[in-house]
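Listed below, chain by chain, are the residues.
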Amino acid sequence: MRYVISHAKIHTDLLQKIQELSGQNVFDCYQCGNCSSGCPLVEYMDYAPNQVIRLAQLGALDELLESETIWICATCLQCSSRCPKGVDVSKVMEALRVINLRNREGRISPDDIEKMTDEEVKELPPIVLVSAFRKLSG
Amino acid sequence: MEYGYYPGCTLKNHAQNFEDAALLAMEKLGHPLTEMKDWVCCGTVFSQTTDDLMLQLAAIRNLLRAEHQGYGKLITLCSMCYNTLQRARDFIKDDPENLDKVNQFMYKEPISYTGNVEVIHLLSLLQNEITWESIAKQVVKPLKNLKIGGYYGCMLLRPKEYAIDDFEDPVILENFIEATGAESVVFPYRLECCGAYQTVTNKDITVKRTFELIESARDAGCEAIITSCPLCAFNMDQRQKETAEEFSQFVEMPVFYFTELLALALGVEWNSNWSKLHYVNPEPYLKAKGLI
Ligand code: SF4
Ligand code: SF4
C-alpha cells in the first residue's frame, strides 16, 4: 500500500482530540510491540495495539476510527501496564471508541437487548450489561 | 464505625453467594461488615477519558454518601467496584476544579464531598488488618487436599498504581488459599483477562478464553479456581456451558468466589442456595473432599 506522509496529514485537530481525550502522547511510542504481545485479544483484532499507535503517529486516523480493534479491546489494561514508554494504550483505544460513541456509533443498543429472550437477558448479571453499555454504547 | 461495606449491584442477585459467604466469614473473624446505606451502582467500569466527569459521578456519589455516613474506609468485594471507586476517587482528588464541579452537580446531597474516603478491597483487609496467620489460626475446617488456582483477572492488579499486590507477580490470592489450608496452584493465565464485557457482543471470544484459561489452570494441576469478580465468574463459570458445547474435549471445573472457601474453612455451613448460583455445581467436588 502506498501511503504518503506529510506534516499536515499528521498534525491534525483529530489527532489532538485523541491525545486530549486519552491524555497520551502517541509519539512517545517507539514500536517495541510489548503492548501487542501481552494483549489477550490481539488474534481477533484487525490492527494490533502497537499498530494502532503507529497508525495514529502516521495520521491514519480514519482507519483507526473504522477499525474492529477498538471494539474488540476489553479494557484489560495489560498493554498499558507493560509499555516501557508509559504509553497508556488502552486510553488511546478508549478515546477512539468515545469519538465514535459521541457520534452515536456504538456496538450495542437497547434494541439488541429487546431482541434477546427473557431467559437470555435474565442470565446476564448487571455487571455484564452495565459494563457492556458503558464501553460500547453512545 | 470506620469501615463501611459497599456491595455493588451484582452481589445482591447473581453473586449473592459471594456476599453471603463474606458476611458470615467476617462475622466469624470478629470483623463484621456494615453495609453503607443508599449506595448506587458504581458504573462497573472506569471511564478512561479525561473529560468525562459525568461518568465519574455514580462512583463519587457513593464515596460522598459513605463520608456522610461517617465511614472513612469503604470495603469492596467485587474487583470491578474496587477499581472503579478507587480510580474515580483519584480522578478528582487533587483537582479542586473538578471536585467543585462534581459537588455542584450533586448539590442535593447532604454534604460536599472532600475526597477523603479510602477504598479497600476485602483481600487487602484480610492481609493487612486481620493477617493470614490469624486467619489460619481461626480455621476450623482446613481445606486439606484442595488444589486451588487463584485467578486474579484484571481489575485487582491494573492499572499498576491500584494493584492490591505486585501487578506482575502477585501472591495475595496464593497466601489466602494457603491460609484456608488448601494447596495453592499457580497457573500461567491467572493474570489474564477473561474477555470481560465482550461476553455480550462477542460471545465466541469469551467462550474460547474460558476454554484457554480453564485448560491452563487444569494443566497446572488446579482442581478449582477462585475469583473476586462477578464478571470473571460469569465468563469462567456460566460460560462453561457454551465452552463444553464448542470444545468436545472440555471438562468442567468448579469456580468459587474466594469468600465461599473462606466461610467454609471458618466453619460456616455450605448453603445449597450458593450452589444454585454456580453453573458448575461445586457440591460433588466438596463432597469428594469430605468438606460438606
Ligand atoms: S508497548 Fe508502548 S512503546 Fe511499545 S509498541 Fe506498545 S505503545 Fe509503543
Ligand atoms: S486493554 Fe485492550 S488493547 Fe490493551 S491489552 Fe487489553 S484488550 Fe488488548
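Residues numbered from 1 in each chain as written. Chains lettered and ligands numbered in written order. Predicted model: local features only at pLDDT ≥ 70, side-chain atom pairs only at ≥ 80, totals over all residues. Heavy atoms only, no water.

Enquirer: Residues and numbers for the domain arrangement of chain B, please.
Expert: All names here are of chain B. Domain assignment breaks chain B into domain 1 (3-122) and domain 2 (132-288). On a C-alpha basis, the centres of domain 1 and domain 2 stand 24 Å from each other. At the junction of the two partners, domain 1 supplies 26 residues and domain 2 supplies 24 residues. Across the interface of domain 1 and domain 2, roughly 2,300 Å² is buried in total on both sides, 74% from carbon and sulfur atoms. (Domains from an automatic or database assignment. Contact = heavy atoms within 4.5 Å. Buried area = accessible area lost by both parts, 1.4 Å probe.)

Enquirer: For the sheet that holds strand E3 (residues 118-121) of chain B, give the residues involved together with the corresponding values.
Expert: All names here are of chain B. Strand order in the open sheet formed by three strands is E1-E2-E3, and the pairing between neighbours is parallel. Edge positions in the sheet fall to strand E1 (3-6) and E3, since each of these pairs with one other strand and no more. With strand direction ignored, the average angle separating the axes of adjacent strands in the sheet is 30°. Taken strand by strand, helix H3 (residues 79-93) contacts E1, strand E2 (73-76) and E3, and its axis lies near 160° from that of E3. Helix H5 (residues 122-130) rests against E1, E2 and E3 of the sheet, and its axis sits at about 85° to E3. (Pairing = 2+ DSSP bridges. Helix = DSSP H or I, 4+ residues; strand = E, 2+ residues; numbered from the N terminus. Axes fitted to C-alpha atoms, helices over the stretch in contact; angles between N-to-C directions.)

Enquirer: I'd like a description of the site of ligand 2, backed by residues and values.
Expert: Residues and elements named next belong to chain A. Neighbouring residues of ligand 2: 13 residues in total, closest Cys39, Cys73, Cys76, Leu77 and Cys79. Elements supplying a minimum of two residues to the shell around ligand 2: helix H7 (78-82) and helix H8 (89-101). Split by residue class, the shell around ligand 2 holds 10 nonpolar, three polar and no charged. (Near = heavy atom within 4 Å. Nonpolar A, V, L, I, M, F, W, Y, C, P; charged D, E, K, R; others polar.)

Enquirer: Outline the site of ligand 1, supporting the account with residue identities and numerical values.
Expert: Near ligand 1 you find 13 residues, and of these Cys29(A), Cys32(A), Gly33(A), Cys35(A) and Cys83(A) are the closest. Its residues assigned to classes, the shell around ligand 1 comprises eight nonpolar, four polar and one charged.

Enquirer: Which residues make up the packing of H5(B) against helix H12 (residues 258-265) of chain B, and what values do they have?
Expert: All names here are of chain B. Between H5 and H12, the shortest axis-to-axis distance is 11 Å and the interhelical angle comes to 40°. By the angle between their directions, the pair H5 and H12 is classed as oblique. Along the contact surface, H5 presents Leu122, Leu123 and Leu126, while H12 presents Phe258, Thr259 and Leu262. Along the lines of polarity and charge, the residues of the contact of H5 with H12 split into five nonpolar, one polar and no charged. (Parallel < 35°, antiparallel > 145°, perpendicular 65-115°, else oblique.)

Enquirer: Could you give me a rundown of the side chain of Thr44(B), with the residues and numbers involved?
Expert: Inspection of the secondary structure puts Thr44(B) in the loop between helix H1 (16-28) and helix H2 (57-68). Residue Thr44(B) is classed as buried on the basis of its relative accessible area of 5%. Within the structure, the side chain of Thr44(B) is placed 3.3 Å from the backbone nitrogen of Ser131(A), a separation counted as a polar contact. Setting aside chain neighbours within four positions, we find Thr44(B) in contact with Ile127(A), Val130(A), Ser131(A), Met80(B) and Thr84(B). (Buried < 20%, exposed > 50% of the residue type's maximum accessible area, 1.4 Å probe, protein only. Polar contact = N/O pair within 3.5 Å; in protein donor to acceptor, adjacent residues only side chain to side chain.)

Enquirer: Got a sec to walk through the packing of aromatic side chains? Specific residues and values, please.
Expert: Considering all chains together, one arrives at 12 aromatic pairs over all chains under this definition. Plain terms: the ring middles of Tyr6(B) and Trp39(B) are 5.6 Å apart, the flat faces sit at 75° to each other, and that makes the pair edge-to-face. Within this pair, whereas Tyr6(B) is found in strand E1, its partner Trp39(B) is found in the loop between H1 and H2, the two being separated by 33 residues in sequence. Ring centres of Phe256(B) and Trp270(B) lie 6.1 Å apart, and the angle between their planes is 85°; on these two criteria the pair is classed as edge-to-face. A residue pair is termed long-range when its members are at least 10 positions apart, and Phe256(B) in strand E7 (residues 255-257) and Trp270(B) in the loop between H12 and helix H13 (272-276) qualify at 14 residues. Cation over ring: Lys9(A) sits above Tyr3(A), and NZ or CZ is 4.3 Å from the ring centre. The lysine or arginine in question, Lys85(A), covers the ring of Tyr30(A), its NZ or CZ lying 4.9 Å from the ring centre. (Phe/Tyr/Trp six-rings, centres within 6.5 Å; stacked < 30°, edge-to-face > 60°. Lys NZ or Arg CZ within 6 Å of the ring centre and 35° of its normal.)

Enquirer: Requested: an account of the confidence of the model for chain B, with residues and values cited.
Expert: Overall, the predicted model of chain B reaches an average pLDDT of 96, with 100% of residues at or above 70. Quick note on the complex model: pTM equals 0.96, ipTM equals 0.95. (pLDDT = per-residue confidence, 0-100.)

Enquirer: Outline the layout of surface pockets, listing residues and values.
Expert: Any space left empty among the atoms is revealed by the rolling of a water-sized probe across them. A volume near 320 Å³ is recorded for the largest pocket. Elements that contribute at least two residues to the lining of the largest pocket include exactly H7 and H8 of chain A together with H3 of chain B. A total of three residues in the lining of the largest pocket trace back to one element, the largest contributor, which is H3(B). A class-by-class count of the residues in the lining of the largest pocket yields five nonpolar, 10 polar and six charged. Built from parts of two domains, the lining of the largest pocket gets at least three residues from each of domain 1 (3-122) and domain 2 (132-288) of chain B. (1 Å grid on protein atoms, 1.4 Å probe; cavity = no way out; pocket = protein on both sides within 12 Å on 5 of 7 lines; lining within 4 Å. Points joined across faces, edges and corners; volume = space filled by probe spheres on them.)

Enquirer: An account of the interface of chain B and chain A is requested, with residue identities and associated values reported.
Expert: In this assembly, 46 residues from chain B lie in contact with 40 residues from chain A. Our count for the chain B to chain A interface comes out at five salt bridges. One salt bridge connects Glu123(A) with Arg239(B), and the closest N-O pair in it is separated by 3.6 Å. At the surface where chain B touches chain A, the tally comes to 21 residue pairs in polar contact (both at pLDDT 80 or more). Mapped onto the side of chain B that touches chain A, the elements with two or more residues apiece are H3, helix H8 (198-201), helix H9 (203-220) and helix H10 (230-238) of chain B. Grouping the amino acids of the side of chain B that touches chain A by side-chain chemistry returns 21 nonpolar, 14 polar and 11 charged. (Salt bridge = Lys/Arg side-chain N within 4 Å of Asp/Glu carboxyl O.)

Enquirer: Got a sec to walk through the packing of helix H2 (residues 13-22) of chain A against H8(A)? Specific residues and values, please.
Expert: Relative placement of two packed helices is described by the angle separating their axes and the distance separating the axes. Residues and elements named next belong to chain A. One way to put it is that H2 packs onto H8 with a least axis distance of 8 Å and a crossing angle of 120°. Overall, the two elements H2 and H8 adopt an arrangement that is oblique. Considering how the two elements wind past one another, H2 and H8 form a crossing that is right-handed. On H8, the residues touching Leu14, Lys17, Ile18, Leu21 and Ser22 of H2 are Lys91, Val92, Ala95, Leu96, Val98 and Ile99. (Left-handed = near helix turned anticlockwise from the far one by under 90°.)

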